[in-house]
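Spelled out, the chains give:
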Amino acid sequence: MTEKDPRNKTSPLIFERSQPGRRGTAVPEPDVQARPLDQLLPASALRVTPPALPEVPEHDVVRHFTEISLKNHHVDRGFYPLGSCTMKYNPKVNEMTARLPGLVDLHPFQPVSAVQGALKLMWELGEMLNEVSGMDAISLQPAAGAQGEFVGALLFRAYHTAKGDPRKKIIIPDSAHGTNPATVIMAGYEVVTLGSNAEGRMDPAALEAALGDDVAGLMLTNPNTLGKFESEIETIAELVHDAGGLLYMDGANLNALMGITRPGDLGYDIVHINLHKTFSTPHGGGGPGAGPVAVKEQLAPFLPLPILMQNEDGSYALDWERPTSIGKVHGFWGNFGVLVRAYTYMRMLGEGGIAETAKAAVLNNAYVSARLGDTYELPYGRGLHESVFSGAFLKQHGVRTLDVAKRLLDFGIHAPTVYFPLIVAEAIMCEPTETETKQELDRFCDAMLQIAEEAAKDPEFVQGAPYTTPVRRLDEARANRQPDVRFRAD
Ligand SMILES: *Cc1c(COP(=O)(O)O)cnc(C)c1O
């Protein structure tokens, strides 16, 4: 990068753009009599000094955030094959409906009679998710997959406690997402980790040996984090249920199954659904998501409060009278804007479209796996919607998976998930999703193959990547702990 390279430019902070008195809005004079603040609030609640907010016109705000957005990678800028995260394109029609005044201007303190349309939307979304998951009842409240898991673990506890048989342990396979063991521990259970077999699946015999009357249940993603469908799932469900346990599906990988088969039909009792993955609401920026939890009938009495109900006359109500409920898990009713987006997406696709989406996600992954599989190893073979490659063959050149990930950034492509799942050495977990074209998949595969060639010919070049990004290689831990939001080239 040269001195003159425009990427060298440091972006001012929005506070540095501030000039006293600049405004983005002009509010008309009120037509009611103004009252001084100190008549409305006690002195202790009033600020002494005004807040230090930037004073900028609207176009400065827009330019500032547009510029920052170009320094980052996001799904509106380019391909984002981050495995397990389902970074599909988020259709803009979702944004249009989420901004409809009748939805966006609602206040959660409005009486139930005044928000019947919003409740209807939530009810219908719940019905659609129950249909896709094969479950009987649902809570839309959890804000993310991890919180859905936590709610699931609390449901395990409530269910077993109600039967007078509180249990201690939850079984998780060694390929599981890190949130699974974290959730189980947070909920006060012990984790029992089970190894995967040579195909990357759960071995029913090993499961049987681990089950016992102190086991509350099993948490099992399907397809699992290697992208492999747990083909013994019916046997697994039977074993868990015979031991008095419950079967939880981490539903983050529903994109591979929806419209094709249903967790409820496979024997699962509980599933969380990541609306921000499978159902195309934005994610990756730390903003709101939604991880609804759907359950079979016998777990419905324990679902979080309030429960959305339909009255006999077709109107909707919120039921707070559930003495066995695990209680409230989110402010108000969940992240409503996310629910509107997911609702829009599902209605837009329709039943047939939902199945088509899953098939296209699997097909796209099969294509990428076929093109890359001869160069990058697939220790557990091709997965359904995602495959886990190994970059271990590059070690002979001194190149690591991390270097491949960094070099990909120079092609305008986000790196796949790397070093996860832990059971694959130098893992490269790639999930292309259904929204990419063959041309884009080819561009990605060409880049991956080119990087493998570069690694053999000029390993130092790959080790030095990226070359074209606003910042080069960061000390990632320090960047998280001491973020420097000013962009400088090094
Ligand atoms: C993303 C993911 C989670 C966690 O979901 P969040 O919404 O990020 O909390 C859990 N399990 C799997 C397999 C995932 O991919």
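Each remark here, short or long, concerns the structure printed above.
The paragraphs below set out a description of the structure included in this document. (Residues numbered from 1 in each chain as written. Predicted model: local features only at pLDDT ≥ 70, side-chain atom pairs only at ≥ 80, totals over all residues. Heavy atoms only, no water.)

Now for unusual backbone geometry. Following Leu-305, the chain continues into Pro-306 via a peptide bond in cis, with omega recorded as -10 degrees. Position of Pro-306 among the secondary structure elements: in the loop between strand E7 (293–295) and strand E8 (307–310). In the segment running from Ala-465 into Pro-466, the intervening peptide bond is cis, with an omega of 5 degrees. You can see Pro-466 is positioned in the loop between helix H14 (459–463) and helix H15 (476–481). Residues other than glycine seldom take positive phi values, yet Tyr-419 does so here, at roughly 60 degrees. Along the chain, the position of Tyr-419 falls in the loop between strand E11 (417–418) and strand E12 (427–430). The exposure class of Tyr-419 is partly exposed, given its relative accessible area of 27%. (Helix = DSSP H or I, 4+ residues; strand = E, 2+ residues; numbered from the N terminus. Buried < 20%, exposed > 50% of the residue type's maximum accessible area, 1.4 Å probe, protein only.)

Turning to the site of the ligand, a few remarks are in order. Near the ligand, the surroundings consist of Ser-84, Ala-144, Gly-145, Ala-146, Glu-149, His-177, Thr-179, Asp-250, Ala-252, Asn-274, His-276 and Lys-277. At 2.7 Å from an oxygen atom of the ligand is found a main-chain nitrogen or oxygen belonging to Gly-145. The separation between an oxygen atom of the ligand and a polar side-chain atom of His-276 is 2.6 Å. Burial of the ligand by the protein amounts to 87% of the accessible area it has alone, namely 380 Å². Element by element, the count of residues in the shell around the ligand is highest for helix H6 (residues 145–162), at three residues. For the shell around the ligand, the class distribution of residues is three nonpolar, six polar and three charged. (Near = heavy atom within 4 Å. Polar contact = N/O pair within 3.5 Å; in protein donor to acceptor, adjacent residues only side chain to side chain. Areas by Shrake-Rupley, 256 points an atom, 1.4 Å probe, with all protein chains shown as cover. Nonpolar A, V, L, I, M, F, W, Y, C, P; charged D, E, K, R; others polar.)

This next bit is on the packing of helix H11 (residues 336–372) against helix H13 (residues 438–457). The geometry of H11 relative to H13 is characterised by a closest axis approach of 10 Å and an angle of 30 degrees between their N-to-C directions. It follows that H11 is roughly parallel to H13 by the angle criterion. Relative to H13, the crossing made by H11 is right-handed. Side by side, H11 and H13 meet where Asn-364, Tyr-367, Val-368, Arg-371 and Leu-372 of the first sit next to Lys-438, Leu-441, Asp-442, Phe-444, Cys-445, Asp-446, Met-448 and Leu-449 of the second. Per-class residue counts for the contact of H11 with H13 are eight nonpolar, one polar and four charged. (Axes fitted to C-alpha atoms, helices over the stretch in contact; angles between N-to-C directions. Parallel < 35°, antiparallel > 145°, perpendicular 65-115°, else oblique. Left-handed = near helix turned anticlockwise from the far one by under 90°. Contact = heavy atoms within 4.5 Å.)

Okay, the sheet that holds strand E10 (residues 387–390) next. The pairing of strands in a sheet happens through backbone hydrogen bonds and is either parallel or antiparallel. With antiparallel pairing, three strands are arranged side by side in an open sheet as E10-E12-E11. Sheet topology places E10 and E11 at the edges, where each strand pairs with a single neighbour. Relative to E12, E11 runs antiparallel, the two being bridged by two bridges. Bridge pairing in E12 links Thr-417 to Met-429. The strands that H11 touches are E10 and E12; relative to E10, the one it contacts most, it runs at about 15 degrees. (Pairing = 2+ DSSP bridges.)

What follows deals with the environment of Pro-466. A relative accessible area of 1% means that Pro-466 is categorised as buried. Taking the C-alpha atoms as reference, Pro-466 lies 6.2 Å from Leu-409; in sequence the two are 57 residues apart.

Okay, a nonpolar patch on the surface next. Together, Leu-37, Leu-40 and Leu-41 give the surface a local cluster of nonpolar side chains, amounting to about 280 Å² of exposed area. Note on placement: Leu-37 falls in helix H1 (residues 37–40). (Patch = residues over 30% accessible without salt bridge, like charges linked within 9 Å, V, L, I, M, F, W, Y side chains within 5 Å. Salt bridge = Lys/Arg side-chain N within 4 Å of Asp/Glu carboxyl O.)

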